[in-house]
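# What the coordinates show
Residues per chain are reported as follows:
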Amino acid sequence: MIRAAKSALLALAGICASVLMQPAAHAADLSSYVEESAASVCNVPSVLNRISSKFAHQVRNVPNLPQVAISDFHRIHLRRSEPASERWPIARHYCGAKVTLSDGLDRDIWYLIEEGQGYASVGDNVEFCVSGFDRWLVYNAHCRVLQ
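In this report, we go over the structure that sits alongside the text. (Residues numbered from 1 in each chain as written. Predicted model: local features only at pLDDT ≥ 70, side-chain atom pairs only at ≥ 80, totals over all residues. Heavy atoms only, no water.)

### Quick notes on the state of the cysteines
Each disulfide consists of one covalent bond between the sulfur atoms belonging to two cysteines. If you walk through the whole model with that rule in mind, you get two disulfides. A sulfur-sulfur separation of 2.0 Å characterises the disulfide bridge that pairs C42 with C95. Taking the sign of the torsion about the S-S bond as the criterion, the disulfide between C42 and C95, at about -80°, is left-handed. With C42 in the loop between α1 (2-20) and α2 (45-61) and C95 in strand β2 (residues 92-101), the pair connects residues that are 53 residues apart, well separated along the chain. (Disulfide = S-S within 2.5 Å. Helix = DSSP H or I, 4+ residues; strand = E, 2+ residues; numbered from the N terminus.)

Have a look at this one:
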């Protein structure tokens, strides 16, 4: 019984270590583009880096999307916040911003941050939708689910 518990703990420690040791993606310098009224939860560099990285993966792997990258985030703002409660134990923050893509065009982006819902419950889960890049309507027409 103790041997099985030790094995399970070692396996969990290995998973956590591999998640925490992932190299960080680098986004543009965001400090000068964030509106003063934006809640700090929406402009956390690790969240913006994760969005940039996942967007790069998306444009590489979804057919017929332009091969662009996120160059900049600006006009970052908190759209809605749902704090954790007894009824709903997961805090959710709905954010919006503009992104400048590597082709020079600006697009709207909406994203959701779910606290404590990352891989193996470590960190936060981030879902996002860039206007015009939800080819399979995962987030409904015009990214409506995340707005």
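### A word on the sheet that holds β2
Two pairing modes exist for strands in a sheet, parallel and antiparallel, and in both the strands are linked by backbone hydrogen bonds. Spatial strand order, β1-β2-β3-β4: four strands in an open sheet with antiparallel pairing. Of all strands in the sheet, those with a lone pairing partner are β1 (70-82) and β4 (125-130), marking the two edges. Across the sheet, the mean angle separating the axes of adjacent strands is 20° when strand polarity is ignored. In the sheet, strand β3 (residues 106-114) pairs with β4 via six bridges, with the strands oriented antiparallel. Note on β4: the bridge partner recorded for W110 is C129. With respect to the sheet, α2 is in contact with β1, β2, β3 and β4, its orientation differing from that of β4 by roughly 55°. (Pairing = 2+ DSSP bridges. Axes fitted to C-alpha atoms, helices over the stretch in contact; angles between N-to-C directions. Contact = heavy atoms within 4.5 Å.)

### Describing the side chain of T100
Within the element layout of this structure, T100 appears in strand β2. Within the local environment of T100, its side chain forms a polar contact with the side chain of H74, the two groups lying 3.1 Å apart. Here the side chain of T100 touches D106 through a polar contact of 2.7 Å, side chain to side chain. (Polar contact = N/O pair within 3.5 Å; in protein donor to acceptor, adjacent residues only side chain to side chain.)

Read these as layout, nothing more, since geometry by itself doesn't imply function.
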